[in-house]
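# A closer look at the structure
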Amino acid sequence: MAPPLIEMQDISRTYVMGDNLVHALRGVDLTIETGSSVAIMGTSGSGKSTLMNIMGCLDQPTRGSYRINGKNVGVMSKSQLADIRGRMIGFVFQSFNLLSRTSALENVEMPLMYQGVSGGKRHERAMAALEAVGLKGREDHHPSQLSGGQQQRVAIARALVCEAPIIMADEPTGALDTKTSFEVMGILQGLVAQGKTLIIVTHEADIAGYASRVITLRDGLIIEDKAQAPVDAAKELARVTAEKEAADRALAARKGERAS
Amino acid sequence: MNIFTTFKLAVRALWRNKVRTFLTMLGIVFGIGAVIAMVASGQGAQAQVKEVFNSLGTNVLILSGGAQRSFGASGGAGSRQSLTWDDIAALQSGEIPTIKYVVPTMSTRTQVASEESNWQTSVTGTISTWFTVRNWEATQGAVFDEDTGNSSAKVAVIGQTVATQLFASASPIGQAIRINGQPFEVIGVLAVKGQGPRGDNDDIIIIPIKTYQQKLDKGLAKYLKGEVLISMVEDGQAETTMAKVSALLRDRHKLDANDEDDFRIRNPAEFAKAQQDSTERIATLLALVAAVSLLIGGIGVMNIMRVSVIERTREIGIRMAVGAKPIDVMTQFLVESLVLAAIGGLLGLALGYGAAQYMASYFGWKFFFPAATAGIAFAVAGGVGVGFGLYPAIRAAQLDPITALRYES
Ligand SMILES: Nc1ncnc2c1ncn2[C@@H]1O[C@H](COP(=O)(O)OP(=O)(O)OP(=O)(O)O)[C@@H](O)[C@H]1O
Ligand SMILES: [Mg+2]
């Protein structure tokens with residue numbers, strides 16, 4: 001039997017702040033199978049980001065063991081960890097984390113450079129990824145010339161371009177309005193439909209609704225882990241759009257009445 | 001990551017901060033400029049000394065009429081003729097045992113012509129030993145023998161440049177040329193000597209000195225309007241010979257003890273040596289400037305790269321998050337500092353080239369710019385780039401991905 005995609009045992013992460021110890025995680029056991037969509041919820045400071053960073057090999061646990069695809073991350077060198085991040089994981093951050101003064105296309109091409117993909121192939125794949133997130137024609141725009149939702153879509157394209165099996169998103173809609181959030185979630189759900197594994201950190205129940213499994217953290221421990229039927233973001237988007245159009249029509253009608 | 005891509009990224013990153021990049025380069029520009037000026041001027045000075053030795057040998061003095069170069073009573077240096085042909089005969093008599101040859105010369109620039117073309121060149125009247133003292137032989141025909149040299153024959157030995165100008169590729173031997181309108185027969189072409197400190201060595205015509213006086217000057221005269229080359233038997237006799245020549249001439253010119261010399265004796269080897277010494281001092285100074293500038297330049301590069309690493313901590317974090325390995329990050333910053341240093345080196349090369357050319361014309365030596373110099377400069381610039389870029393690059397590579405990502409600038 002294939003090992004689980006993500007397998008964490010007794011993961012703890014302690015920060016040293018002067019004389020104090022901050023226990024961000026206190027023994028988390030977690031297994032995630034390929035193809036699932038998992039939302040990690042919890043109040044601010046409960047350890048969501050810490051957990052995601054460890055899962056994404058950006059940070060190391062103070063204690064416990066972590067296997068990704070059956071491979072023990074704890075014994076890997078910095079270079080091997082970078083390789084895992086590059087090949088296995090695509091990140092989407094709350095603050096987008098795009099390179100400024102660099103075009104959307106170059107931002108998306110960047111991960112491919114570290115995979116040693118040649119210039120022509122890089123261009124081709126980055127263009128395809130941008131098209132997949134609906135940003136065709138925007139490839140030469142710099143982040144400062146794009147809206148928040150568009151920037152986040154560039155970030156998603158960057159997470160997609162290496163064809164990594166896991167997408168990890170830490171508050172991907174945190175900086176976006178409701179409608180744009182639906183759009184972004186729609187794209188992410190589409191990826192799950194294609195067989196990718198999505199792990200998303202959020203403190204909004206709405207957003208967690210799109211996942212098929214919701215894990216809740218409190219004070220560095222998992223206090224709830226439940227499966228659910230996910231809401232379809234595309235339908236939700238259609239509903240919100242229809243509501244908005246109706247409201248607009250009503251507004252226009254009222255304006256017309258007043259004018260006559 | 002592919003090195004070409006890394007290079008492109010580096011150039012782009014440097015281009016984003018043009019002003020900062022340029023200011024950082026300045027230290028390297030001046031450092032490399034000084035290195036090049038130093039090497040080039042050292043070689044120029046050495047070449048000049050060698051040139052003097054080659055053309056005159058180490059044991060030749062130059063005697064000329066007129067007072068020492070002091071202004072006032074003597075009324076214009078070199079203006080008065082004071083060396084007589086009798087003086088020359090006295091020097092040639094063997095009275096001073098260290099003297100081997102005494103060679104009178106007279107020179108002027110004048111127009112010369114063949115059937116086909118004409119040319120402006122330097123014409124020297126002298127005697128046969130001139131060729132011995134200058135260690136200069138003919139490659140076609142022959143230089144004149146003692147009898148011809150002492151005669152008033154209308155024969156000429158010409159330099160290669162003159163031969164080419166007047167006869168193109170045809171053989172000039174036996175051909176007629178006109179010097180100052182007078183017909184001469186070409187009897188020899190001198191071996192090529194190339195460029196010297198005073199220009200083209202081969203742009204010259206040698207004729208017997210008597211002929212010179214009669215055809216190019218006002219006829220045979222009591223005074224020699226030119227210089228006398230005095231060669232010595234052995235090296236190391238310059239001092240004593242100069243003293244003896246001076247004593248002999250003072251006696252013959254009946255000068256009192258407190259009268260100034262009415263002639264001038266120069267030792268070209270000594271002169272060249274003095275110039276070489278002064279050049280060496282300049283080169284030492286330049287070496288110091290180069291070392292200091294390169295050090296400052298290097299520290300500048302290190303500092304800028306360090307600032308750049310701090311400023312771009314988040315960028316480094318992002319790159320690491322998407323799969324950049326420590327070695328990728330290190331290479332990126334190292335290549336950046338290398339490019340910075342290389343461009344600085346290139347500008348320094350231009351600066352050094354200009355400075356070397358200026359010094360060459362200032363000191364009157366041949367302008368030298370061997371490719372090796374440029375190579376050295378580039379190696380030094382590269383060394384500075386790598387040497388001083390290494391520390392910031394390692395710092396960047398050692399950053400922790402999550403710390404770098406969270407960094408607030
Ligand atoms: N680098 C750090 N140094 C010290 N303490 C830290 C660090 N990062 C996180 N912590 C602490 O660890 C705990 C968990 O932080 P974490 O960022 O994982 O919370 P979170 O659940 O993502 O919160 P939020 O919803 O606000 O993003 C918090 O108490 C936080 O103060
Ligand atoms: Mg968080």
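Quick notes on the rules
- Residues numbered from 1 in each chain as written.
- Chains lettered and ligands numbered in written order.
- Predicted model: local features only at pLDDT ≥ 70, side-chain atom pairs only at ≥ 80, totals over all residues.
- Heavy atoms only, no water.
- Helix = DSSP H or I, 4+ residues; strand = E, 2+ residues; numbered from the N terminus.
- Rg over C-alpha atoms; globule rule 2.2 N^0.38 Å.
- Contact = heavy atoms within 4.5 Å.
- Areas by Shrake-Rupley, 256 points an atom, 1.4 Å probe, with all protein chains shown as cover.
- Buried area = accessible area lost by both parts, 1.4 Å probe.
- Salt bridge = Lys/Arg side-chain N within 4 Å of Asp/Glu carboxyl O.
- Polar contact = N/O pair within 3.5 Å; in protein donor to acceptor, adjacent residues only side chain to side chain.
- Disulfide = S-S within 2.5 Å.
- Buried < 20%, exposed > 50% of the residue type's maximum accessible area, 1.4 Å probe, protein only.
- Pairing = 2+ DSSP bridges.
- Near = heavy atom within 4 Å.
- Nonpolar A, V, L, I, M, F, W, Y, C, P; charged D, E, K, R; others polar.
- Domains from an automatic or database assignment.
- Phe/Tyr/Trp six-rings, centres within 6.5 Å; stacked < 30°, edge-to-face > 60°.
- Lys NZ or Arg CZ within 6 Å of the ring centre and 35° of its normal.
- 1 Å grid on protein atoms, 1.4 Å probe; cavity = no way out; pocket = protein on both sides within 12 Å on 5 of 7 lines; lining within 4 Å.
- Points joined across faces, edges and corners; volume = space filled by probe spheres on them.
- Core = buried A, V, L, I, M, F, W, Y, C linked by side-chain atoms within 4.5 Å.
- Axes fitted to C-alpha atoms, helices over the stretch in contact; angles between N-to-C directions.

Our next topic: the overall build of chain A. For chain A, the count of helices and strands is eight helices and 10 strands. Rg of the C-alpha trace for chain A: 20 Å, near the compact-globule value of 18 Å for 260 residues, within the 12% margin. When the backbone C-alpha atoms are referred to their principal axes, chain A occupies close to 75 × 45 × 45 Å. Put simply, 69% of the contacts in chain A that link residues at least 6 apart link residues at least 24 apart. As displayed, chain A has an accessible area near 12,100 Å², and 50% of this comes from carbon and sulfur atoms.

With that out of the way, let us pick up the interface of chain A and chain B. It is common to give the size of an interface as the accessible area that goes away when the parts come together. At the interface, 25 residues of chain A touch 26 residues of chain B. When the two sides are added together, the surface that chain A and chain B hide from each other amounts to roughly 2,300 Å², 55% of it contributed by carbon and sulfur. Remark: the boundary between chain A and chain B carries two salt bridges. Residue K325(B) is joined to D83(A) by a salt bridge in which the shortest nitrogen-to-oxygen separation is 3.6 Å. Put simply, chain A and chain B have eight residue pairs in polar contact (both at pLDDT 80 or more) between them. Going through the elements one at a time, α2 (78-88), β6 (89-93) and α3 (104-114) of chain A are the ones with two or more residues in the side of chain A that touches chain B. Of the residues forming the side of chain A that touches chain B, the biggest block, six residues, is contributed by α2(A).

We now examine the state of the cysteines. Residues and elements named next belong to chain A. Under the counting rule described, the total for this entry stands at zero disulfides over all chains. C162 supplies the cysteine sulfur nearest to C57, a cysteine that is in no disulfide, at a spacing of 15 Å. Here C57 falls in the buried class, since its relative accessible area comes to 1%. By relative accessible area, which is 14% here, C162 ends up buried.

Further remarks concern the pairing of strand β12 (residues 263-266) of chain B. Residues and elements named next belong to chain B. Side-chain alternation along β12 places F263 and I265 on a buried face and R264 and R266 on a face that remains uncovered. In this structure, strand β1 (residues 60-65) lies alongside β12, joined through four bridges in antiparallel fashion. Within the sheet, the bridge partner assigned to I62 lies in β12 and is R266.

Further remarks concern the site of ligand 1. The immediate surroundings of ligand 1 are formed by 14 residues, with S44(A), G45(A), K48(A), S49(A) and T50(A) found nearest. More than one chain lines the surroundings of ligand 1; the residues nearby belong to chains A and B. Within the contact set of ligand 1, an oxygen atom lies 2.9 Å away from a backbone nitrogen or oxygen of G45(A). In the complex, 67% of the free accessible area of ligand 1, which totals 630 Å², lies under the protein chains. Here the shell around ligand 1 gets three residues from one element, more than from any other, and that element is helix α1 (residues 48-55) of chain A. When grouped by side-chain class, the residues that make up the shell around ligand 1 number four nonpolar, seven polar and three charged.

We now examine the domain arrangement of chain B. Each assigned domain of chain B is listed with its residue range as follows: domain 1 (3-52 + 273-406) and domain 2 (81-261). Distance from the C-alpha centre of domain 1 of chain B to the C-alpha centre of domain 2 of chain B: 52 Å.

With that settled, the discussion passes to the packing of aromatic side chains. Residue and element names in this part refer to chain B. Counted according to the given criterion, the structure contains six aromatic pairs over all chains. With centroids separated by 5.2 Å and ring planes inclined at 90 degrees, the aromatic side chains of W130 and F131 adopt a geometry described as edge-to-face. F131 carries the same exposure label as W130, and that label is buried. Among the aromatic residues, those joined into a ring-pair cluster are W130, F131, W136 and F144. Geometry around W15 places K18 over its ring, the cationic atom sitting 4.5 Å from the centre. In this structure, K193 is placed above the aromatic ring of W136, and the distance from its NZ or CZ to the ring centre is 4.7 Å.

Attention shifts here to α1(A). Residues and elements named next belong to chain A. Burial within α1 is extensive, with seven of its eight residues counted as buried. Restricting attention to buried positions, one finds in α1 the residues K48, T50, L51, M52, N53, I54 and M55. Taken from the residues just after α1, C57 is the one with a positive phi, measuring 60 degrees.

Further remarks concern the side chain of Q237(B). Tracing the backbone shows Q237(B) in the loop between β11 (227-232) and α8 (238-252). Contacts of Q237(B), omitting those with residues within four sequence positions, involve T98(B) and M232(B).

Residue and element names in this part refer to chain A. Pairing within the open sheet is antiparallel, and its four strands lie in the order β2-β1-β4-β5. Single-partner strands in this sheet number two, and they are β2 (20-32) and β5 (71-72). The pairing of strand β1 (residues 6-17) with β2 spans 10 bridges and is classified as antiparallel. Opposite R13, over in β2, you have L25 as the bridge partner.

What follows is about the layout of surface pockets. The calculated volume of the second largest pocket comes to roughly 780 Å³. Along its surface, the second largest pocket is lined by 36 residues, and L99(A), S100(A), T102(A), R16(B) and E315(B) are the ones closest to its centre. Broken down by secondary-structure element, the contributors of at least two residues to the lining of the second largest pocket are α3 of chain A together with α1 (3-16), α2 (18-56), α9 (268-311), α10 (313-321) and α11 (326-363) of chain B. Looking at the lining of the second largest pocket residue by residue, the class counts come to 12 nonpolar, 10 polar and 14 charged.

Consecutive side chains of a regular strand alternate in pointing toward one face of the sheet and then the other. All names here are of chain B. Across eight bridges, strand β2 (residues 99-113) lies against strand β3 (residues 118-126) in antiparallel orientation. Looking at β3, one finds that R109 is bridged to S122. Examined bridge by bridge, β3 and strand β10 (residues 204-208) share five bridges and lie parallel to one another. Note that in β10 the partner of V123 across the bridge is I205.

Turning our attention to the nonpolar core. Counting 77 residues, the largest nonpolar core has I6(A), M55(A) and Y66(A) as the members making the most contacts within it. Setting aside its immediate chain neighbours within four residues, M55(A) contacts I6(A), M8(A), L30(A), I32(A), I40(A), Y66(A), I68(A), I89(A), M168(A) and I199(A).

Time to look at the sheet that holds β6(A). Residue and element names in this part refer to chain A. An order of β6-β7-β8-β3-β9-β10 is seen for the six strands of this open sheet, with the pairing classed as mixed. Two strands close off the open sheet at either side, each with one partner strand: β6 and β10 (221-227). Averaged over all pairs of adjacent strands, the angle between their axes in this sheet comes to 15 degrees, without regard to strand direction. In the sheet, strand β3 (residues 37-42) pairs with strand β8 (residues 197-201) via four bridges, with the strands oriented parallel. Bridging across to β8, I40 finds its partner in V201.

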